[in-house]
Amino acid sequence: MTGTKADGPDFASASLPRHLVRGAVGFGALVGSVALIPAVGPVSLALLPVGLLALRGCPMCWMVGLAQTVSRGRLERSCEDGQCRLTVAGQGREHGEPVASTP
């Protein structure tokens, strides 16, 4: 099997600034919903759905998407003879140890 497309889900955004804005809105709304409870009461909890929507329901998935967005187009995965390696895109040189071995 040779390829560069991951078999798992893709959490990346179209661009890094778009991903960072989505994170700022999402985490800001989550923190604001809790921090504003003393000032405005339980009404501030209305920000929770906004935060979860901006983060697509999963703050950890946003973090994974950040890593994917930053590395998109810079790293390639290639698997040959049961060994998968991470290479720098366009340069063909290896970057570190094998990523994973498939049985």
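Structure report, in brief.

Reading the values: rules and limits
Residues numbered from 1 in each chain as written. Predicted model: local features only at pLDDT ≥ 70, side-chain atom pairs only at ≥ 80, totals over all residues. Heavy atoms only, no water. Disulfide = S-S within 2.5 Å. Buried < 20%, exposed > 50% of the residue type's maximum accessible area, 1.4 Å probe, protein only.

Considerations on the state of the cysteines
- Tallying each qualifying case throughout the model produces two disulfides.
- Here Cys58 pairs with Cys61 through a disulfide, and the sulfurs are 2.5 Å apart. Because the torsion about its S-S bond is 70°, the bridge between Cys58 and Cys61 counts as right-handed.
- Given the relative accessible area of 22%, Cys58 is considered partly exposed.
- Covalently, Cys79 is tied to Cys84 through a disulfide, its sulfur atoms 2.0 Å apart. Its S-S torsion of about 105° marks the bond between Cys79 and Cys84 as right-handed, since a negative value means left-handed.
- On the basis of relative accessibility, which here comes to 11%, the residue Cys79 falls in the buried class.
- Judged by its relative accessible area of 5%, Cys84 is buried.
- Cysteine pairing for the chain (bonded cysteines numbered in sequence order): 1-2, 3-4.

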